[in-house]
Amino acid sequence: MDQVAETIFEFLLKIFVFPELVVVIISIIPIVEARLAIPIGIRYGIHPAFSWLLAFAGSAAIVPLLLLVLIPFIKWLSKTKVFRKIGETLYEKFEKKSESVEKGASDLKKMLGVFLFVAIPLPLTGVWTGSAVASIIGLKLPKATLAVVLGNLVASGIITLLSFFLSAYIDWIILALTVIAVIVVAVLIIKIALHKSKPVSETTASESADESKDKEQ
């Protein structure tokens, strides 16, 4: 286990040179995000507080961009012949996640819902999914950014504390988080492969309904 971990960490250092940069880069990767970046930083010998700061800063910095382009990009994928299955599968997954937040609620309740969604460090509840959920339920950019970033602050803090108090098992924590990420990706690929695309007329009607709801809000 230790030898495998050392090989991986040395490989990452050869690519990015600085361990701090490794932490920041990993923190912006979907699915793993700050949750994997923090224990990896600690594994490199970076102080837990600084590892948290690097991972939090990296994952938080991309939130405004995700809020602006993620859902529009996924909707664009859904309209293409080649990537339609990918776009529809991703949108349906994010839409299902958004059901945990009441769409007709006030902005404050929506913000609280998104905050809580991101703050609990479970698989697929990071800044990428949180930003998608905030976009789908119609939160405006400033409020959505605040809710996602604060949720990320709490989630990354929880991971930092767990990694600190369980530092003797840091390699196992990294392995567990990596295995979970691989499983999530594998399941997503299977869902994409098995996905049956909606008829064009149904997709158009759904998009029109979404646009009407956005205008009402």
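The shown structure was predicted, so the numbers you read here are calculated from the model rather than taken from an experiment.

> Could you clarify how one ought to interpret the nonpolar core in this entry?
In summary, soluble globular proteins display a tendency toward joint burial of nonpolar side chains. Counting 21 residues, the largest nonpolar core has I26, I40 and Y44 as its most contacted members. Those elements that place two or more of their residues in this core are α1 (2–16), α2 (19–27), α3 (33–43), α4 (48–61) and α10 (170–194). Here this core gets six residues from one element, more than from any other, and that element is α3. For I40, the residues in contact, after removing those within four places along its chain, are F9, V22, I26 and I174. If you look at the next biggest cluster of nonpolar residues, it comprises 17 residues, including M111, F117, V118 and L139.

> Looking at this structure, I do not really get unusual backbone geometry. What am I missing?
Negative phi characterises most residues that are not glycine, and trans characterises most peptide bonds. Phi at I31 is positive, roughly 80°, even though this residue is not glycine. Relative to the helices and strands, I31 is located in the loop between α2 and α3.

> Is there a simple way to explain the packing of α2 against α4 in this structure?
Two measures define how a pair of helices packs: the angle their axes make with one another and the distance between the axes. The geometry of α2 relative to α4 is characterised by a closest axis approach of 7 Å and an angle of 40° between their N-to-C directions. The pairing of α2 with α4 is recorded here as oblique in orientation. Of the two elements, α2 crosses α4, and the hand of that crossing is right-handed. Counting all contacts with α2, which are made through E20, V23, V24 and S27, the residues of α4 involved are F50, S51, L54, A55, G58 and S59. Each residue belonging to the contact of α2 with α4 can be placed in one class, and the counts come to five nonpolar, four polar and one charged.

> I would appreciate a short explanation of the packing of aromatic side chains in the present structure.
Each aromatic ring pair is specified by the distance between its two centres and by the angle formed by the two planes. Counted according to the given criterion, the structure contains three aromatic pairs. Each ring, one from W52 and one from F56, has its centre 5.6 Å from the other, and the planes form 10°; the classification is stacked. In this pair, W52 and F56 are both assigned in helix α4, four residues apart and thus about one turn of the helix distant. Of the residues examined, W52 reaches a relative accessible area of 24% and is grouped as partly exposed.

> Sorry if this is basic, but what is going on with the pattern of salt bridges here?
Applying the stated criterion to the full structure yields two salt bridges. Where R43 meets D171, a salt bridge forms, and the shortest distance between an N and an O atom there is 2.5 Å. Of this pair, R43 sits in helix α3 while D171 sits in helix α10, placing them 128 residues apart in sequence. Here E88 makes a salt bridge to R84, at a shortest N to O gap of 3.0 Å. Remark: R84 and E88 occur in helix α6 (residues 84–98); sequence separation between them is four residues, near one turn of the helix. By the burial criterion, E88 is buried, and R84 matches it.

> Just checking my understanding: could you explain α2 for this structure?
Each α-helix winds once per 3.6 residues, and so residues spaced three or four apart point in a common direction. The complete set of buried residues in α2 reads P19, V22, V23, I26 and S27. Here the buried residues of α2 occupy an arc of 125° about the axis, which is enough to place them on one side.

Parameters at a glance
- Residues numbered from 1 in each chain as written.
- Predicted model: local features only at pLDDT ≥ 70, side-chain atom pairs only at ≥ 80, totals over all residues.
- Heavy atoms only, no water.
- Core = buried A, V, L, I, M, F, W, Y, C linked by side-chain atoms within 4.5 Å.
- Buried < 20%, exposed > 50% of the residue type's maximum accessible area, 1.4 Å probe, protein only.
- Helix = DSSP H or I, 4+ residues; strand = E, 2+ residues; numbered from the N terminus.
- Contact = heavy atoms within 4.5 Å.
- Axes fitted to C-alpha atoms, helices over the stretch in contact; angles between N-to-C directions.
- Parallel < 35°, antiparallel > 145°, perpendicular 65-115°, else oblique.
- Left-handed = near helix turned anticlockwise from the far one by under 90°.
- Nonpolar A, V, L, I, M, F, W, Y, C, P; charged D, E, K, R; others polar.
- Phe/Tyr/Trp six-rings, centres within 6.5 Å; stacked < 30°, edge-to-face > 60°.
- Salt bridge = Lys/Arg side-chain N within 4 Å of Asp/Glu carboxyl O.
- Arc of directions from axis to C-beta.

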